[in-house]
Structure formats: structure tokens, C-alpha cells
Amino acid sequence: MLSIEIIIVLFIALILLLGIVLGGYFQQGKFIAELTQTLESNNATQSPLNFKHTPRAFKPLVRNLNLFQQNNPVTLERDKLTGLSNRVGFKRKMFAKMPATEGMLVLVDIQQFRFVNDLFGFIFGDQLLKSFALRIKGLANPPQFVSRMNGNEFLLFYPQVVSTSELNLIKQHLQKPFEIEQTPISIKVQLGVLELHEHHADVSLMLRRLDLALKKAKVSHKDIAFYNQDDDKAQYRELMIINSLPKSLKQNQLHMVYQPKLDISTGECSQVEALIRWEHDGLGNISPTEFIPLAEHTGIIDLISKWALEQVLQQQVKWLQQGINIKVAVNLSTKDLENQHLPIDISNLLMQYKVPAENLMIEITESALMLDLARTIETLKEIRQLGVKIAIDDFGTGHSSLAYLRHLPIDEVKIDKAFLDDFNCDLQANKIVKTSIDLAKSLGFDVTVEGVETKDVFDTLIEFGTDTIQGEYVSKPLIANELELRFSQLINKPFITLPTTH
């Protein structure tokens, strides 16, 4: 028979074994509960499963669950940061509703969001986006579903039309100040709206129309903008302009005209400004104010700038052969100053066409000079070292022009024609022009005033001490042949009788 001591030891061992078994079951049960809860909470964000302590028996299960989640197609439809649907998820949901002929799509844009990232960092910006997504979900009139379309744009779908007053309430609620990491953040939002009853289509076309509505809000500086049918026409025109521009340059649909500039001291026109004109096959005359910004935005402005320089220098060669020696000013885009090779390119073109540098002037829009002052100054210095004169065009329409003017290596300031509106009947406008002329001349710059159309304005500007005058009163823009026919009149004797200056 077993002794009492052995029986007691066996009993204790049995109790310990039972405790281990029960403890293991308890831990497994606890882990299974934790696994279930984690799966439920991660269902929205599709983030990987991660535990502090994973029982050995469950490690293969967790690993395979993560692999399954990564390969799950639903993951491709989720925005990992906010847990909302992404663009792919939105399209799938809309496809399921097609034909979607009722309701409303609202595209919300957080204005200037990149400045939050620049100022506080991307982690801070991510937290703001998460908070913004939660705020959308908590709207008093919540959308049926929400998608994050890209960095700072969120799309809301409403099965019924939302009134303008309700949209304003949504906007006001979304742009209430946030507090991120104990830092108050104020934001502004803009809304592009598409009413499906009037403008339903396939999903891709509806998204494009919604983008057009938001673009309209941004361009018009409105809080809310609705899509209408004419917006498609405007975009189609822009697409036609951009797509046909390179071809039109090759086919010589664009040409130059030259507007004389009157030198007040001599009464002669020894300078002209080259202006681009475009006669489009289907769209007719297209203004540079329309196609230049589009070319800048799409990155093909360098084609136009190079073409303009070559056209002017080719014309200069012809004129020099005819004995016509005249300075031609060429407008360069705001984007051209970003090209570090611009001075070298100009130098190479001058040598290629054997045109004296003093026969060329470059006009730069004043607002562009403020983007990168140090780089601009260096570029302008290098151009001037070639012997090419530099003028600031549209002076006074940019920011901080007076503060920066003294730093710029330029020869001439052109006062924008906008200041001539109501010039002779508005005392303040009159004083602004006179002060601008006095300031520029005190710094040693020549002054040109453009857009002069009447004799009264012309006479007043001469009294103010303007060096050069340009505008319809002096001469309209001329094609090359017209300028050649009038050259002797322009250069050899005054074609305008100048008033006596005091």
C-alpha cells in the first residue's frame, strides 16, 4: 500500500496539473476574447493585429489572419488613416446604387491644409484629418456614407437633396476650431455640390463634375458652389486650348504683334513690346490672359517662352537687314524665372541669331518676383550682364512691391494700366500713379505707363515725368509689315506733338 506521504504528494501534483490546465484554458479564453475585440475594432481601419503577449499555439493563427487581411480586396477600398472608404470604395458603393438619379454629392476641401503639415508636421496633420473624419460622421444630418478622396478632400453622399441652408450649417460645423495636442487649429472649408436629379451620369463623369464644382468655388472664392451644365463647356474649352497649343505653335497659328512705346524725351518710338496673338481654328481669337495661365499650370509654358524669344530674334534679324534698329521687349512667364538656365538660354539664342543684346528687353511680371527673391535677383543679374535690359511689368499689382523694388537689378518699371481707370476723375488714383512714378525715378529707374488711351491722360502723365508711354493713343499693336511701313515715321520724326513740359 502507498504510504500517506506518497498519496499527499500525488494529490498535490494532481492539483497543480489541474491548475496548469485550467490556467491555460483561462489564458486561451482571455486571449480569444482579446482577439475577437481587436478584430472588431480593426475592422474599420484594417490595421495589422498586434498583441503584447500571444500564446505560442495562437501565433500561426495571428500570422495567417494578418496575411488574409493584407490580401483582402476590401482593404484596397479603405483609407488606412481615417478608416473611411477611399476613392475605390466610393466608386464600388456608387456602382451598387446605379442608376443614381436622386440625392446629392458634396465634395469638402480643407483649404490650405498643406500649411498645417508644413507648420506642425505630418503627424499633427494626420491627427487633424482623423478628427475631421470623426466630425463628419457626427454631423446632425449625417451622410449615408463618407469617403476620403485624397489628402484633404472628403466626399459625402446624401440620398436626398440637402438645402443650401443645411449645406451652410454643415460647413459651419466642419470648420469649428479643433484642438490637436492642446493646440487650437482653425480651418476653412469649401464645398463643391452635384445634384444628381439634374446632373446624374456614370460614376466617373459625376466625379469629374463634382471636381469642377469645387474648382469653381476655389476660383470664385466662394464657400459653396454648385455644378451646372456650362461648367463642362468651360473645361472642354480649356482642354482644347491645352491640347492644341503645341500643335498650333508648330503650325504658326500663333504670331507676334508689336506695340510702339513713345520716348517722351525725343518724341520717337525706338522701342516696341512683342505681344502674342493666337487665331485658333475652332475657337477663334484666344487671349494670352486665357492660355498663358493654362500653359503655366500644365507645365508647357517653356514651349511658349522659347517660341516667343525665337520669333522676336528671327524678326530682329530681318529688321536689321532692312536697316531697322529697334529694341523689342518680350514678356516671360512667372514660371520662367524658376529655370536656372534662363540666362544661358537667352545668351545662346542671341549668339545663334547674331542679334545685339541691347536690342532685347525682358519684361517680368512684378508679382512673380516675390516668390523667390534671392533666386530672382541672381537670375536678373545674370541676364543684365549679357547687356539685356530688364523691366518689371504690371508694377504695383503684386505684393510688397515698394519694399522689394530697391533690391531688384532692373532698368525699367512699367505701371499697370489698371491704375488709369478713372485717372482724371479720381484724385487718389491720380496720386498713386504720380507717387509711383516719383518713387521709381528716385531709385534711378525709367518709367513706362501702359494702357494710355486718351489725350488727357497722356498730357497728365507727361507732366508727372513719365519717360515712356504705351497704349492705343500712341499706337495700336502692329504686325511686322505694318511696323516696317511706319518705321520711318516712328523713328525719324515725332508723330505726336508733345506738350511743353514745365
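Quantities reported herein were computed from a predicted structural model and do not represent experimental measurements.

About the thresholds
Residues numbered from 1 in each chain as written. Predicted model: local features only at pLDDT ≥ 70, side-chain atom pairs only at ≥ 80, totals over all residues. Heavy atoms only, no water. Helix = DSSP H or I, 4+ residues; strand = E, 2+ residues; numbered from the N terminus. Buried < 20%, exposed > 50% of the residue type's maximum accessible area, 1.4 Å probe, protein only. Contact = heavy atoms within 4.5 Å. Areas by Shrake-Rupley, 256 points an atom, 1.4 Å probe, with all protein chains shown as cover. Polar contact = N/O pair within 3.5 Å; in protein donor to acceptor, adjacent residues only side chain to side chain. Pairing = 2+ DSSP bridges. Salt bridge = Lys/Arg side-chain N within 4 Å of Asp/Glu carboxyl O. Core = buried A, V, L, I, M, F, W, Y, C linked by side-chain atoms within 4.5 Å.

## Quick word on the overall build of the chain
Working step 1: Check the secondary structure of the chain and you find 17 helices and 16 strands.
Working step 2: Expressed as a percentage of the 502 residues in the chain, the buried residues total 45%.
Working step 3: Taking contacts inside the chain between residues at least 6 apart in sequence as the whole, the part at least 24 apart equals 66%.
Working step 4: Carbon and sulfur atoms provide 55% of the accessible area of the chain, an area that totals close to 27300 Å².

## Focus on the environment of Thr289
Working step 1: Checked against the element boundaries, Thr289 lands in helix H10 (residues 288–298).
Working step 2: Judged by relative accessible area, which is 66%, Thr289 ranks as exposed.
Working step 3: In terms of polar contacts, Thr289 uses its side chain to reach the side chain of Ser287, at 2.7 Å.

## Examining the pairing of strand S2 (residues 145–150)
Working step 1: For S2, the buried fraction is high: 5 of the 6 residues fall into the buried class.
Working step 2: The sheet contact formed by S2 and strand S3 (residues 153–158) spans 5 bridges and is antiparallel. Residue pairing for S3: Arg148 is matched across the bridge by Phe154.
Working step 3: In this antiparallel pair of consecutive strands, S2 and S3, the connection spans 2 residues.

## Observations concerning the pattern of salt bridges
A side chain with one charge may pair with a side chain of the opposite charge, provided their charged atoms come close.
Working step 1: Summed over the entire model, instances satisfying the criterion amount to 18 salt bridges.
Working step 2: Note that Glu338 and Lys335 form a salt bridge whose closest N and O atoms lie 3.9 Å from each other.
Working step 3: According to the relative accessible area criterion, Glu338 is exposed, its value standing at 53%.
Working step 4: Among the residues examined, Lys335 registers a relative accessible area of 37% and is labelled partly exposed.
Working step 5: In this structure, Lys414 and Glu363 form a salt bridge, with 3.1 Å as the shortest nitrogen-oxygen distance. Highlighted residues: Lys414 in strand S14 (residues 412–415) and Glu363 in strand S12 (residues 360–365), separated in sequence by 51 residues. In this pair, the class of Lys414 matches that of Glu363, namely buried.
Working step 6: The structure contains a network of salt bridges with shared partners spanning Lys261, Glu273, Glu363, Glu412, Lys414 and Glu450.

## A few points about the nonpolar core
Working step 1: By size, the foremost hydrophobic cluster in this structure holds 78 residues, and its most contacted members are Tyr258, Ile346, Leu360, Ile362, Ile410 and Leu461.
Working step 2: The leading source of residues in this core is helix H11 (residues 301–321), at 8 residues.
Working step 3: With residues up to four places along the chain from it excluded, the contact list for Leu461 reads Phe423, Val433, Ile437, Val449, Val452, Thr466 and Ile469.
Working step 4: Counting residues in hydrophobic clusters, the runner-up holds 30 residues, among them Val106, Phe113, Tyr158 and Ile180.

## Quick look at the pairing of strand S8 (residues 254–263)
Working step 1: Most of S8 is tucked away: 8 of the 10 residues are buried.
Working step 2: Sheet topology note: the S8/strand S9 (residues 268–280) ladder contains 9 bridges and is antiparallel. The partner of Met256 across the bridge, within S9, is Ile276.
Working step 3: Joining the antiparallel neighbours S8 and S9 is a turn of 4 residues, in which Gly267 adopts a positive phi near 75°.
Working step 4: Where S8 lies against strand S16 (residues 468–470), 2 bridges are found, and the strand directions are antiparallel. Across the sheet, the residue bridging to Leu262 is Ile469, located in S16.

## Quick word on the side chain of Ser244
Working step 1: Position of Ser244 relative to the elements: it lies in helix H9 (residues 230–250).
Working step 2: A relative accessible area of 15% places Ser244 in the buried class.
Working step 3: Residues contacting Ser244, with those up to four places away along its chain left out, are Trp278 and His280.

## As for unusual backbone geometry
Working step 1: Of note, the amide linkage connecting Met98 to Pro99 takes the cis form, showing an omega dihedral of 0°.
Working step 2: With respect to the helices and strands, Pro99 occurs in the loop between helix H3 (87–97) and strand S1 (104–110).
Working step 3: Even without a glycine there, the phi angle at His221 is positive, about 60°.
Working step 4: Topologically, His221 is positioned in the loop between helix H8 (203–220) and strand S7 (224–226).
Working step 5: Judged by its relative accessible area of 69%, His221 is exposed.
Working step 6: A positive phi angle, near 60°, is found at Asn252, a position not held by glycine.
Working step 7: On the secondary structure map, Asn252 appears in the loop between H9 and S8.

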